[in-house]
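Understanding the architecture of this molecule
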Amino acid sequence: MESFESERAPLPRNMIENSMFEEEPDVVDLAKESPSYPIDSDDVVYEPRSSRLLVRGLGENDLDEDEEDYESSARLLGMSFMNRSSNQRSAASSYTRQQHSGSCTKPSTKTMVAGVLILVLLASLVMVIYFVPGCTFTRNGCLKTNSSMDSIYPISTSGELFPWTELRLPPSVHPVHYNISLHPNLTNMTFQGSVSILVEVLHETKNIVLHSSDMNITKATFENKEVHVLEYKPWQQIAIKFPEELKKGQYVLNINYTANLSNSYDGFYNSSYVDTNGTKRVLAATQFEPLAARKAFPCFDEPAFKSTFTIKMTRERKYISLSNMPKVKTTDLKNGLQEDEFEKSVKMSTYLVAFIVAEFISVSKNVSKTTVSVYAVPDKKDQVQYALETAGKLLDFYNTFFENDYPLSKLDLVAIPDFLAGAMENWGLITFRETTLLVGSNSSSIDKQLVTSVIAHELAHQWFGNLVTMRWWNDLWLNEGFATYMQYMSIETVFPDLDIDTEFLNVRFKALGKDALNSSHPVSTVVSTPEQVEEMFDSVSYEKGASILLMLNTTLKDGQFRKGVIEYLQKYNLSNTESEDLWNSLSQVSKQNLSVSEMMNTWTVQKGFPLVTVKRNGTRVTLTQEHFLLNAENSTDSSSLWHIPLTYVNDSCNHLSSCKQVFHLKNKTATLKLSSQVKWLKFNFRSDGFYIVQYDEEGWSDLISALKEDVNVLSSKDKAALINNIFALSRSDKVTFRQVLNLTDYIRNETATAPLTEALFQLGQIYRLLDKRSELNLASRMTSYIDEHFGSLMKNQSWNLESSVSKMTLRSALLEMACSLDIGDCRTQAKSLFDQWISNMTTQIPSDLMRTVFKVAAQTDEGWGKLLETYKHSINDPEKRKTLQALASTQDVRKIIWILQNSLDGSVIQTQEFPLVINTICKNFAGYLYAWDFVKENWDKIIQKFPVGSFAIQSIIMSATSQFSTKTHLIEAQNFFSSLGTKGSQMRIVQEAIETIKLNMRWMDNNLNTLQRWL
Ligand SMILES: [Zn+2]
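Residues numbered from 1 in each chain as written. Predicted model: local features only at pLDDT ≥ 70, side-chain atom pairs only at ≥ 80, totals over all residues. Heavy atoms only, no water.

1. What about the overall build of the chain?
A count of helical and extended segments in the chain gives 31 helices and 33 strands. A total of 1015 residues make up the chain; the buried ones form 61% of that total. Once local pairs closer than 6 in sequence are excluded, the contacts in the chain between residues at least 24 apart make up 72%. A total accessible area of about 39,000 Å² is found for the chain, and carbon and sulfur atoms account for 48% of it. (Helix = DSSP H or I, 4+ residues; strand = E, 2+ residues; numbered from the N terminus. Buried < 20%, exposed > 50% of the residue type's maximum accessible area, 1.4 Å probe, protein only. Contact = heavy atoms within 4.5 Å. Areas by Shrake-Rupley, 256 points an atom, 1.4 Å probe, with all protein chains shown as cover.)

Right, dumping it as structure tokens:
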């Protein structure tokens, strides 16, 4: 899946200690272990024997102080804390009190304390020993179960005991094949379904347990005999109990059901749009990853339960239907309807199944043995050609690169009018947002860069994810990190003009920013609840995953990475893997004296990344590594060590790959010998490694002097990395802001895109914080600083059409900043271009400047009104999105509130754009507090639309809070998040948000004076 975000994440950088959200607690956290539902204190059962958590039913339960005390006693007893029931607490404590009262009569205080302590421990021990064999703690205290385990099972909807007690399905029964028939009704938005599953019983069992959510099961048969289905809603599971053990072998389970087409963006959902004639059109499409196939048909909804699928779809004649496989036949049914039947699929995971019923047009072409087609709504038939050509070229590339042809005879790419993710890699039927697939006649190369990236990512998934799949969501990075890496690698080869290299560099900077927070997590992380699974779709899985693969590829000798990947794909064809399987395949082909597995585990199993400190003393260079945290004084991971393939260049040879020298830093410190001729060293060549570097004072000043003498002494990636690293170091108080300005001073002579855009990005973040704090004097001095250093470049930019992606990227960053800070005559130029565009339909605004021009125009009532009309009628998606960003950048509070309401309702603005609207509004002083209030007030409505933990929710929370830097706002945010109950407050993004606010506060406290002095 491709999360949709076209801009760098909001500033998650500066840091402060984090008292609220420390490292993982050493007790089992009920909310983390339990399903996605608040837990009813009355229905929690603790079974000490197996330390297994069992939960029944729903309800609210907050931990009060007394309960915390109980938690501590539980810890003392060496038990995992499982039960937050106050009734159980009283039962337990009264038991202990009885022991106290009978223990001693006239003790000294000291003896009494010691005695009581010993007795409590002894009594507790006796209690544990006595009760362990046959006791279950419930709200009524300890219940003897007399070897019957029945009481530990959850209660199903019908009131009977549900025969399974874990979120993961039992391994005893596997699906082999599904026959699925569906009939969606696009008038009343319901559907009927029937699924027949051929299952294989691997170990004798009395139960079959599978997933199902939000459906009404009308009939179920097993081997043609009607059976009773039990449902346990909190875990989205259903079960069939059998009186006798089922013997090993194959059986058929049939289930008929009805359900509503989903109103959110997952499951089998309905989507609509208004065509150019003003007619509302509806369609039904699917989005199953990660956990929503169970909303469309009962199934074993875990990635390791691979199976084949045959799908039949009933529809009205005016629609077409699509699924993963080619259509075999269409049958006329009696009632004027038609039924399409699709070929039996390859063996695959449920989250990759897909179907669509809609009125779409398409274009096709043959690539090798595959028919590639692009589908869109009829109004946009002119915008599909670019995607078709691009998909063809990339399919060719991957077929060759992986030495393993795409296995299906067709590949459809479909633009869905209302779609939340960026795209989804369903095997043979990839779904996209319209923005990420369609390219109109006035789209620029930057728009094409986005479309190409998303297609390249989704096509890579056809191998990484579809053919070979992670066993469980903890290794999601195997799918996403790889697809992200392959997307950049393939585009660099197939479309060198798209300057994807700079984009990939920015992505690595973004990943470093996120991973420098204490709230980050290892690439490979234990997950169990639905929210934790949703949360895996984040920067660490995608961008850090891709970054460490780049580091590995640049460390291995030529061609070895590809060879290892080919072997991995062949070996695990159609099956499931873990990280270790990939490392083993790569280790086998790597003839170097390097254990890939040993090296890469240091990057996947521990969170964060290293800071390498370089100290030079003549010919000796001392290298030290430590865990880089922005809130360094709160470092809890001082023992973390990475195997760093440390690279460096020096003054005599620094641009070419052949200049690169490698040193494997595996220990905390090491020494390097240099020739005395070496004037300066630059570590982390081209920023290909996932670490940052700190030099001693002399090291920095040598580099800065070299740059001031000759701006081209380093590659543009190396220069951008120096800028990125020094800002990060300043945020963690490892260098002063004065040193930052020493480096950025060189920028006056800079012309390369990567370092300039990085410097603008960093300075822009600081400007926004100052602005939000109403530090008007400092904000205006920052404006002058930017003017002084970038002003002449800003002035020299043309406003005409441009074809180089690199030049467009630079120009749009420079002019957007110039217009937003009112530098030079930017606003006048933008206004005049907008006026020409409005009055003369033949005038074109260069696509890369459109957002800047529209944002200036949106500041007047007249301009805003015209842009709203454009938004309503435009069928060009990139233009529409830029128009929306301009509308949301208004300083008029009434308009801001109108946009917030309309984008959440989905009336004028599609709900899919709500995260973008929040992000845009929060960048400006005028609206950021309104947006925050709106999020708080409408939280329940928001989580109905976007799953808790999902990328959309992550983006909304981060956008709404990352600009706060005061104590008042910190407390407000903390209060709001803790009011969300376990479901909301436990999200990792909440920890990240709080950590970011604290870091902003600290950065402000530490640097306001410096800025007064130096800016
Ligand atoms: Zn993906």
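From this point, the discussion proceeds with the structure in view.
2. Things to note about the environment of N654
Looking at the secondary structure, you find N654 in the loop between β29 (644-650) and β30 (661-665). The class for N654 is buried, based on a relative accessible area of 9%. It is 8.4 Å that separates the C-alpha atoms of N654 and K682, two residues lying 28 residues apart in sequence. A polar contact of 3.1 Å, which involves the side chain of N654, links it to the backbone oxygen of N650. One polar contact links the side chain of N654 to the main-chain carbonyl oxygen of D651, over a distance of 3.2 Å. (Polar contact = N/O pair within 3.5 Å; in protein donor to acceptor, adjacent residues only side chain to side chain.)

3. Examining unusual backbone geometry
With an omega dihedral of 0°, the bond running from E289 to P290 counts as a cis peptide bond. The phi dihedral of E223 is positive, around 50°, even though this residue is not glycine. On the secondary structure map, E223 appears in the loop between β8 (216-222) and β9 (225-226). One non-glycine residue, R686, lies in positive phi territory at about 55°. With respect to the helices and strands, the residue R686 is situated in the loop between β32 (681-683) and β33 (692-695). The exposure class of R686 is partly exposed, given its relative accessible area of 25%.

4. Thoughts on the packing of helix α24 (residues 893-905) against helix α25 (residues 914-923)
Relative orientation and spacing of two packed helices are given, respectively, by the angle between their axes and the distance between those axes. At their nearest, the axes of α24 and α25 sit 9 Å apart, and the two run at 160° to each other. Considering their axes alone, α24 and α25 lie roughly antiparallel with respect to each other. Seen along the crossing, α24 lies across α25 with a hand that is left-handed. Facing α24, whose interface residues are I896, I899, L900, S903 and L904, α25 presents F914, V917, I918 and I921. Here the residues of the contact of α24 with α25 are counted per class, giving eight nonpolar, one polar and no charged. (Axes fitted to C-alpha atoms, helices over the stretch in contact; angles between N-to-C directions. Parallel < 35°, antiparallel > 145°, perpendicular 65-115°, else oblique. Left-handed = near helix turned anticlockwise from the far one by under 90°. Nonpolar A, V, L, I, M, F, W, Y, C, P; charged D, E, K, R; others polar.)

5. Focus: the packing of helix α5 (residues 385-401) against helix α7 (residues 476-494)
Running from N to C, α5 and α7 cross one another at 110°; their axes reach a closest spacing of 11 Å. One element, α5, and the other, α7, form an angle in the roughly perpendicular class. In this structure, α5 uses K393, L394, F397, Y398 and F401 to contact α7, whose residues at the interface are M486, Q487, M489, S490, T493 and V494.

Just geometry here; none of it tells us what the structure is for.
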